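# Tertiary structure, described
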Amino acid sequence: MGGVHPEENKISNDAAIEVMPVGKQMVVLMNQHLGAPATPVVQKGDKVKVGQLIGEAQTFMCANVHSPVSGTVLKVDTCKDAFGLAKPAVYINVEGDEWMESIDRTPDIKRECTLEPKEIVAKLKEMGIVGLGGATFPAHIKYSIPEGKKAEYLIINAAECEPYLTSDYRVMMEHAEEVCIGVSILRKALGVPNAYIGIESNKPLAIAKMQETARQFEGIIIEPLKVKYPQGAEKQLINAVTGRRVGSGKLPIDSGCVVSNLGTAFAVYEAIQKNKPLIENILTVTGKELPSQHNYIVRIGTTYNEIIAHSIGQLPETTGKVISGGTMMGKAVVNLDAPTVKGNSSVLVIGEKEARRNPETNCIRCGKCASVCPMGLEPYMFSLLVKNNRIEEAKAHNILDCIECGCCFFSCPANKPLTDEIRLGKNKVRAMMAAKK
Amino acid sequence: MTQQILIAVLILGALGIFFAVVLYIVAQKFKVVEDPLIDEVAEVLPGANCGGCGKAGCRAFAEACVAQHSLDGLRCAPGGDAVAAKIAALLGCVVEQGEPMVAVVRCNPANCGDKRKSNYDGLRSCAFENTVYTGESGCPFGCLGCGDCVAACQFNAIKMGENGVPVVDADKCTACGACAKACPRKIIELRNKGKKDRRVYVSCVNREKGAVAMKSCANACIACGKCAKVCPMEAITVEGNVSYIDYKKCIACRKCVTECPTKAIHDVGFPAPAVKPAPKPEAQAAPAAEKVEIPVAEKVEVKS
């Protein structure tokens, strides 16, 4: 149902993953995940090593944070994130590159995993693994299946349907075996017979590579998918792979499915087999106006400015926006001095002309937004309901089912900011529900 | 022929009488007894349905007044004392005279305009922009400038100023509080109008630490506490990295305005000081007001 076909612009497809050098100072934010911020467990003056726990998850909806560098803790304070909002953070002065002894840094690939499912989930928690598809949902919560529900399918999202992004593609091309081991571990954690890796069919090389590798593993099936955006969205992917539908207000697990991103599977491999916590992102640096295109392994806490300085020197003069994420769902970065966090998948530089929105005109009731909505909603109506503060009705028409993919705004001939209006409406509905409680 | 007409008239007439009786019985049975006072009170109210009183509209306010037979805890801000007196006369109760209030925008417009740190071209809604990022000024507590308050005002008393910070027309403002409710950053506050329309307030709600706040805005309150020390009435408290003047205690002496190092405290309604060619050191009032930027918010000539 629905979907659009934005220009793919995968211009950094052929750039092999490089390693970004570590800067002089790192700022590690304490909320790099969905939920409450982690509690700092280090103090000013403490020596830390790479991979050492510096922020502990003390509430349910939280994930551990580890030091991406070795050095001395400068201070525990707040730092402005990419959107200018102050967040608790640990500042570390980098000294050398000393890793925790427990981390296996050898290039050997370790296939055997002897851990029990419960131990795997506990280790995911310990290593601070979060979903790297964008939502940064703590992995240990996702893989702790609530009682009374049963997982039947494990689906790995490698669709990478967002324009420009190529980090998942590079991981498949360069680390196919590690990914498959990671998927096998997740399969074991859930106790499901088969895992499906969904890849859009515009990546034939990746599909071939993954199919060849998956043959050596039991129960991993590569599923080529139709090319359309948002093919990689959780509910759309479930439908494409299993034919099942996730009902309104339901979670994937209600339909017996667990969906994880390909990047997460790679991080799981490193965490479980190599004892390496989530301290690095694989990140695309791309843009039509950039002199070169890159894919990097970047330590978490490296600032956007450092990444730009190392990869392309400086931003072109015609830069209109720097986006973290793809063009459809990514967010514009306003503070380039902000550190990157878990789940960042790109530094996308968009030129002045493309960055501007076209002026809004009146809705002509063409219904394009409704026809492209992958959730079968009616965005034009939400726009009116929200504008007129008819929040109850918006809720009754399932506004909360919106996945904020941006298809409606993308296709609107009147350039109405439909997605923004729906997001505002969702906030209002949630506020109303909270007030009722 | 005549017989047929007669039958039709009789049947319809009988039906009519039957239904009239049914309707009468039902109307008696389900009669809604409403106090005629409610209509009278509703008549007196302005009828703008602004919701400033916290009720669904003017009729709901009238019902509440009549139900409790007093005006305790109920006040129609747009109507003010005149309406309160009329309602009190209808209800036969006494009413305390409330102090006239006005909406005050506690954000300094001086930092915006061409000093904006980013461009926002998303949905023109403060409530939405607030969930996205800090806003164009770069201050996470500052005015977003999309005009949710302007849209909320039923009395056309608030408009967007030149710098993208709203301006309140104190003459039109009825202090219904709709703008204060609409502001997602709680920048707008209802304060007393003050004697001769003179009032002093801290025009900043930034709760960041001093040094960080200064980076956001040159006119931010840095919570240095100088104003609290100099205040003779102990009206000023510094809590959560921001200073606040209690308008009930404030006597508008303006000592704090002089003392504030970032010019975050504004005075409104005071006569502009006369321009003196050679400022004398003895002059007490003049140096204070000389450098203070009076917000565009009020109709006062800005003295440079």
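Counting restarts for each chain: residues are numbered from 1 in the order of the written sequence. Here chains are named by letter from A upward and ligands by number from 1 upward, in the order in which they appear as written. Side-chain atom pairs in this predicted model are given and counted only at pLDDT of 80 or more, local residue features only at pLDDT of at least 70, and totals for whole chains, interfaces and linings cover all residues.

With that settled, the discussion passes to the overall build of chain B. Secondary structure elements follow DSSP: runs of H or I of four or more residues count as helices, runs of E of two or more count as strands, with numbering from the N terminus. Scanning chain B from N- to C-terminus turns up 11 helices and eight strands. The burial tally for chain B puts 38% of its 304 residues in the buried class. Look at the contacts in chain B between residues 6 or more apart in sequence, and 57% of them connect residues 24 or more apart. Residues with at least 20 other C-beta atoms within 10 Å of their own are called buried, those with 12 or fewer are called exposed, and the rest are partly exposed. The C-beta atoms themselves are positioned from the backbone. The contact criterion used here is simple: two residues whose C-beta atoms, placed from the backbone, lie within 7 Å are in contact.

For the rest of this paragraph, the subject is the overall build of chain A. A count of helices and strands for chain A gives 14 helices and 17 strands. We compute the radius of gyration from the C-alpha atoms alone; for a globule the expected value is 2.2 Å times N to the 0.38, where N is the number of residues. Its C-alpha radius of gyration of 21 Å places chain A within 12% of the 22 Å reference for a compact globule of 437 residues. The principal-axis extent of the C-alpha atoms belonging to chain A is close to 65 × 50 × 50 Å. Burial status across chain A gives 51% buried among its 437 residues. Counting only contacts in chain A whose residues sit at least 6 apart along the sequence, the fraction spanning at least 24 positions is 73%.

Residues and elements named next belong to chain A. Omega for the bond connecting Y229 with P230 falls within 30 degrees of zero, at -5 degrees, which places this linkage in the cis form. Mapping P230 onto the fold places it in the loop between β11 (220-225) and α6 (234-242). Even without a glycine there, the phi angle at N275 is positive, about 60 degrees. What makes N275 partly exposed here is the crowd of 17 C-beta atoms within 10 Å.

How big an interface is tends to be reported as the loss of accessible area on association of its parts. Residue and element names in this part refer to chain B. Boundary definitions for the domains trace back to an automatic or database domain assignment. We note that the domain assignment places domain 1 (36-91) and domain 2 (101-291) within chain B. Tallying the contact residues gives six residues for domain 1 and seven residues for domain 2. In this count, Pro and Cys sit with the nonpolar residues alongside Ala, Val, Leu, Ile, Met, Phe, Trp and Tyr, while Asp, Glu, Lys and Arg are called charged and the others, Gly among them, polar. Tallied by class, residues from the side of domain 1 that touches domain 2 come to four nonpolar, two polar and no charged.

All names here are of chain A. Two strands qualify as a pair provided DSSP detects at least 2 bridges between them. With two bridges joining them, strand β3 (residues 39-40) and strand β5 (residues 53-56) adopt antiparallel strand pairing. Bridge pairing in β5 links T39 to E56. Bridge count between β5 and strand β6 (residues 65-66): two bridges; the pairing is antiparallel. Within the sheet, the bridge partner assigned to L53 lies in β6 and is H66.

Before going further, it helps to examine the sheet that holds strand β10 (residues 195-200) of chain A. All names here are of chain A. Read across the open sheet, the four strands follow the order β11-β10-β9-β12; overall the sheet is parallel. Sheet topology places β11 and β12 (257-261) at the edges, where each strand pairs with a single neighbour. On average, adjacent strands in this sheet sit at an angle of 25 degrees to one another, irrespective of strand direction. Summarising the sheet, strand β9 (residues 153-157) and β10 pair through four bridges and their orientation is parallel. In the strand pairing of β10, N157 is matched with G198. For helices, the axis comes from a line fit to the C-alpha atoms of the stretch in contact; other axes are also lines fit to C-alpha atoms, and the angle between any two N-to-C directions lies between 0 and 180 degrees.

Residue and element names in this part refer to chain A. Per the domain assignment, the segments making up chain A are domain 1 (17-103 + 277-353), domain 2 (117-274) and domain 3 (368-436). With centres defined by C-alpha atoms, the gap from domain 2 to domain 3 works out at 29 Å. If you look at the interface, domain 2 gives seven residues, while domain 3 gives seven residues. Partitioned by chemical class, the residues of the side of domain 2 that touches domain 3 number three nonpolar, three polar and one charged.

In this section: the packing of helix α1 (residues 117-126) of chain A against helix α7 (residues 262-274) of chain A. Residue and element names in this part refer to chain A. Put simply, α1 and α7 touch, their axes get as near as 10 Å, and they point 105 degrees apart. One way to sum up the angle between α1 and α7 is to call them roughly perpendicular. Contact residues: α1 offers I120, K123 and L124, while α7 offers V268, A271 and I272. Here the contact of α1 with α7 is composed, by residue class, of five nonpolar, no polar and one charged. In what follows, roughly perpendicular refers to angles from 65 to 115 degrees, roughly parallel to angles under 35, roughly antiparallel to angles over 145, and oblique to any angle outside these ranges.

Turning next to the pairing of strand β6 (residues 236-239) of chain B. All names here are of chain B. Here β6 runs beside strand β7 (residues 242-245); their pairing, made up of four bridges, is antiparallel. Counted as the bridge partner of V238 is S243 from β7. Linking two consecutive strands that pair antiparallel, namely β6 and β7, is a turn of two residues; a positive phi of about 55 degrees is found at G240 within it.

Spatial ordering of the open sheet is given by β2-β8-β7-β4 (chain A), a layout of four strands whose pairing is antiparallel. At either margin of the open sheet sits one strand with a lone partner, and together these are β2 (25-29) and β4 (47-48) of chain A.

Attention shifts here to the environment of G54(B). Inspection of the secondary structure assignment puts G54(B) in the loop between α2 (36-44) and α3 (58-68). Among the residues examined, G54(B) registers 13 C-beta atoms within 10 Å and is labelled partly exposed.

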